[in-house]
Amino acid sequence: MITIDWQAFWLTARLALITSLILILIGLPLAWWLARTRFRGAVFVEALVALPLVLPPTVLGFYVLMFLGPYSPLGSAYEALAGTLLPFSFPGLVIASVLFSLPFAVQPFLSGFRSVDTRLLDASVSLGAGRLPTFFRVGVPLAWPGLLAGFVLSFAHTLGEFGVVLMVGGNIAGKTRTISISIYDSVQAMDYATAGWTSALLLVISASVLILTYTLQRRYTKTWLRT
Amino acid sequence: MNVSFSFPFACFRRSSVFIPALWSRPRLFQTLGPLLATLALSFLTLGCGKGTKDSASPVAANAVTVAAAADLQFALPEILALFHQEHPEFQVRVTYGSSGNMRAQIAQRAPFDLFLSADIEFPKRLIESGHGVADSLFPYAVGRLVLYVLNDSPLDPERTMEQTLLDPRARRIAIANPRHAPYGQAAVAALQTDDLYEQIADRLVLGENIAQTAQFVQSGAADIGIIALALALAPRMSEAGRFWEIPLERFPEMVQGGVIVRHAKNPEGAEALRAFLLSAEGQRVLQDFGFLMPEALP
C-alpha cells in the first residue's frame, strides 16, 4: 500500500520558498558587497559563506542545534520572547535552511554580479546615480541570470536537504517532517513502495524546477544578446 | 531630496528608461513576478492558518508524541492499535530513529512526551541531566540478537557463529554503529567472546541504527548482518531470509528502558502508554515480536 505523506510535501514546499525569499534579502546585498569590495578580508567572508558546501550536514546540524537550543544565548532569548523553542519547530528549520543553503544562493549571485562590466557600474556612479540606484538599475538587471539561478538552486537544495533537517527538526509529523525525512522513514519501515514513489515525485518536481529555470534563463539571455 | 535615494521600487520602474532592452522586453518576468508574489503570500498565510488550526483542535491537544528506538518499528504499531481501542482519547504519534540521536535531541528539549530507548543508559542519563521525570524509568523489554542472511546466501547461520563469520564469502558483515547504537554495542560484545572481533573487524560495515543495518543485508549490500530479532521477524525480512539467534550469554543483557520526558506536554498520555506497554497485553505483543520480558517489571 502506498501512503504518500502529502503533509510533508506541503511543508517542504513552504520551507523551500520561505528560505529562498529570505536568501534573496540576505544574499543579494552580501554578494553585491563581495563582488564590489576592495577589502582584503572579504575572502574570509566568502569562505565562511561557502563552508556549508564542504561541511558534513550532520556537523552543521549539530552546531545549529547547539546554537539554537534552549541553553544557547540565541535560543534562550527566542524562548523568552516567543514562548516556544527554536529547534524542532518550523521557524528553527527556516533558520537552519537559510544557513545551509546560503552558498547555493550567494555563489550564483556573486558570479552574476561579477559578470557585470564594472565600467557600466562606474559610469552609473560617476553620472551621479548613487549606490542604491546603481545596484537596482544597473547591477540587478544585468546580473539577472545569476540571481535567478541562485534563487532556484537554494530552493531546490532546500527541497532535498536531509542531515541538517533531521538533526535540527527532530522528524515531527506536520511540523518538521520534510519529504526527504519522510522518504527515510519509509525506507526504515521497509515500505519501499511508498519510498520509491515519494522519491520519484520529488525527483520530478526538482527536475521540473531546474528545467523551467534554465529555459527562462536561456530565453532571457538570448533576448539580451540580440539587442 | 536626492531622487536617487527613493524607495527601491521606484528605482525598478525608472530602470526601464535607462535600459529598456533589459527591463521591458522579457514579458515573462513581468507576468511571472506578480504570480510568484501571490504564490509566496498564499503559501505564507495559508501556512500560518494551518498551524493555528492544528494547535487549537482537540485532537492535537491530546496528542502523545513518542520517540522510539528503531527496533520497535514493527511491534509498536501493533501495540498502539490495541492501546487506541482502550484509550481512544489519545492520538499517538511516533518518531523512530537512533536512540543516541533522540537522547541528544531530548536533552535540547525536543517536544517528545515519552522516550522508548533501545537501552537503559540513555533514559538514565536523561534523568540525571534533569530532562526525564525522576521516578519514571521503566525497563519494558529485552532485545535479542540474530545472525541474518538472505535466502539465496551461501552462508549458513545454523553453523557456529565462528564458522559462519570467518567464511571468506562473508565479505561484508553489517552491525549497527557501536558508538551510539545499543545493538551495535551488543554485537561487538558478542563478537569479542572468542576474539572473533579482531579477525573480522576489517569486514564490518556500520549502520546508523539497527533498522538501517537490517536493510544493508536485506538489500544485498552486506552478506550477513547481526540485527535485532524484532526486525528479522518482520514480514519483509523473514520472507526474504534466514536467521539464527545468538545465545544470550554471549553479550550483556540488552534491557530496553523508557522514560517520561520532564517537559512533556502530555504527561497523562505518556503515563497511560507506559502503563499499557507494561501490561500483560503489551508485554505479550512485545514477546510475539521478538523481545523478552525484563526480569523486574516495575
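All values derive from a computational prediction rather than experimental measurement. (Residues numbered from 1 in each chain as written. Chains lettered and ligands numbered in written order. Predicted model: local features only at pLDDT ≥ 70, side-chain atom pairs only at ≥ 80, totals over all residues. Heavy atoms only, no water.)

### What to know about helix α9 (residues 182–192) of chain B
Side chains three or four residues apart in an α-helix point the same way, a direct result of the helix having 3.6 residues per turn.
All names here are of chain B.
Phase 1 of the analysis: Burial analysis of α9 places 9 of its 11 residues in the buried class, the great majority of the element.
Phase 2 of the analysis: Among the residues of α9, those classed as buried are Pro-182, Tyr-183, Gly-184, Ala-186, Ala-187, Val-188, Ala-189, Ala-190 and Leu-191.
Phase 3 of the analysis: Asp-194 occupies a position one or two residues after α9 and carries a positive phi of about 70 degrees. (Buried < 20%, exposed > 50% of the residue type's maximum accessible area, 1.4 Å probe, protein only. Helix = DSSP H or I, 4+ residues; strand = E, 2+ residues; numbered from the N terminus.)

### So, the sheet that holds strand β6 (residues 173–176) of chain B
All names here are of chain B.
Phase 1 of the analysis: In spatial order, the strands read β7-β6-β8-β5-β9; together these 5 strands make up an open sheet with mixed pairing. In this open sheet, the two edge strands, each paired with only one partner strand, are β7 (204–207) and β9 (241–245). Each neighbouring strand pair of the sheet contributes to a mean axis angle of 30 degrees, computed without reference to strand direction.
Phase 2 of the analysis: Note that β6 and strand β8 (residues 224–228) share 2 bridges and pair parallel. Within the sheet, the bridge partner assigned to Ala-174 lies in β8 and is Gly-225.
Phase 3 of the analysis: Sitting on the sheet, α9 touches β5 (145–150), β6, β7 and β8, and the angle it makes with β6 is about 130 degrees.
Phase 4 of the analysis: Relative to β8, helix α11 (residues 210–218) is tilted by about 150 degrees, and along the sheet it contacts β5, β6, β7 and β8. (Pairing = 2+ DSSP bridges. Axes fitted to C-alpha atoms, helices over the stretch in contact; angles between N-to-C directions. Contact = heavy atoms within 4.5 Å.)

### Quick notes on the packing of helix α1 (residues 6–36) of chain A against helix α5 (residues 90–114) of chain A
All names here are of chain A.
Phase 1 of the analysis: Packing of α1 against α5 brings their axes to within 6 Å, and their N-to-C directions diverge by 45 degrees. Put simply, α1 runs oblique to α5. For the pair α1 and α5, the crossing hand works out as right-handed.
Phase 2 of the analysis: Here the residues of the contact of α1 with α5 are counted per class, giving 23 nonpolar, 4 polar and 2 charged. (Parallel < 35°, antiparallel > 145°, perpendicular 65-115°, else oblique. Left-handed = near helix turned anticlockwise from the far one by under 90°. Nonpolar A, V, L, I, M, F, W, Y, C, P; charged D, E, K, R; others polar.)

### Observations concerning the sheet that holds strand β1 (residues 63–69) of chain B
Residues and elements named next belong to chain B.
Phase 1 of the analysis: With mixed pairing, 5 strands are arranged side by side in an open sheet as β2-β1-β3-β10-β4. A strand with exactly one partner marks an edge of an open sheet, and here the two such strands are β2 (91–97) and β4 (138–143). Taken over all neighbouring pairs, the strand axes of this sheet differ in orientation by 20 degrees on average, direction set aside.
Phase 2 of the analysis: With 5 bridges joining them, β4 and strand β10 (residues 254–260) adopt antiparallel strand pairing.

### Focus: the confidence of the model for chain B
Residue and element names in this part refer to chain B.
Phase 1 of the analysis: Taken over all residues, the pLDDT of chain B has a mean of 82, while the share at 70 or more is 79%.
Phase 2 of the analysis: When mean pLDDT is compared element by element in chain B, strand β3 (residues 114–116) scores highest at 97, while helix α1 (residues 8–18) scores lowest at 39.
Phase 3 of the analysis: Under a pLDDT of 50 for its full length, residues 1–29 has, in the predicted model, 37 contacts with residues more than four places off or in other chains.
Phase 4 of the analysis: Note that residues 45–59 has pLDDT below 50 and, in this model, 8 contacts with residues that lie over four places away or in other chains. (pLDDT = per-residue confidence, 0-100.)

### Quick look at empty space enclosed by the protein
Residues and elements named next belong to chain B.
Phase 1 of the analysis: One pass over the structure, following the stated rule, counts 2 cavities of 30 Å³ or more.
Phase 2 of the analysis: Its boundaries defined by the atoms lining it, the largest cavity holds a volume of some 110 Å³.
Phase 3 of the analysis: Where the lining of the largest cavity is concerned, the elements lending two or more residues are β2 and α6 (99–107).
Phase 4 of the analysis: Here the residues of the lining of the largest cavity are counted per class, giving 4 nonpolar, 8 polar and 1 charged.
Phase 5 of the analysis: Computed from the structure, the second largest cavity encloses a volume of approximately 90 Å³.
Phase 6 of the analysis: Along the walls of the second largest cavity sit 13 residues, with Ser-99, Ala-118, Pro-182, Asn-209 and Ile-210 positioned nearest its centre.
Phase 7 of the analysis: Across the lining of the second largest cavity, the residue classes break down as 7 nonpolar, 5 polar and 1 charged.
Phase 8 of the analysis: Counting contributing residues, the lining of the second largest cavity receives three or more from each of domain 1 (61–142 + 253–288) and domain 2 (145–245). (1 Å grid on protein atoms, 1.4 Å probe; cavity = no way out; pocket = protein on both sides within 12 Å on 5 of 7 lines; lining within 4 Å. Points joined across faces, edges and corners; volume = space filled by probe spheres on them. Domains from an automatic or database assignment.)

### Quick notes on the pattern of salt bridges
Phase 1 of the analysis: Enumeration according to the criterion identifies 13 salt bridges over all chains in this entry.
Phase 2 of the analysis: With its nearest N and O atoms 3.4 Å apart, the salt bridge here joins Arg-114 of chain A to Glu-46 of chain A. Of the two residues, Arg-114 of chain A sits in helix α5 while Glu-46 of chain A sits in helix α2 (residues 42–54), which places them 68 residues apart along the sequence.
Phase 3 of the analysis: On the accessibility criterion, Glu-46 of chain A (24% relative accessible area) is partly exposed.
Phase 4 of the analysis: Lys-124 of chain B is the salt-bridge partner of Glu-121 of chain B, the closest N and O atoms lying 4.0 Å from each other. (Salt bridge = Lys/Arg side-chain N within 4 Å of Asp/Glu carboxyl O.)

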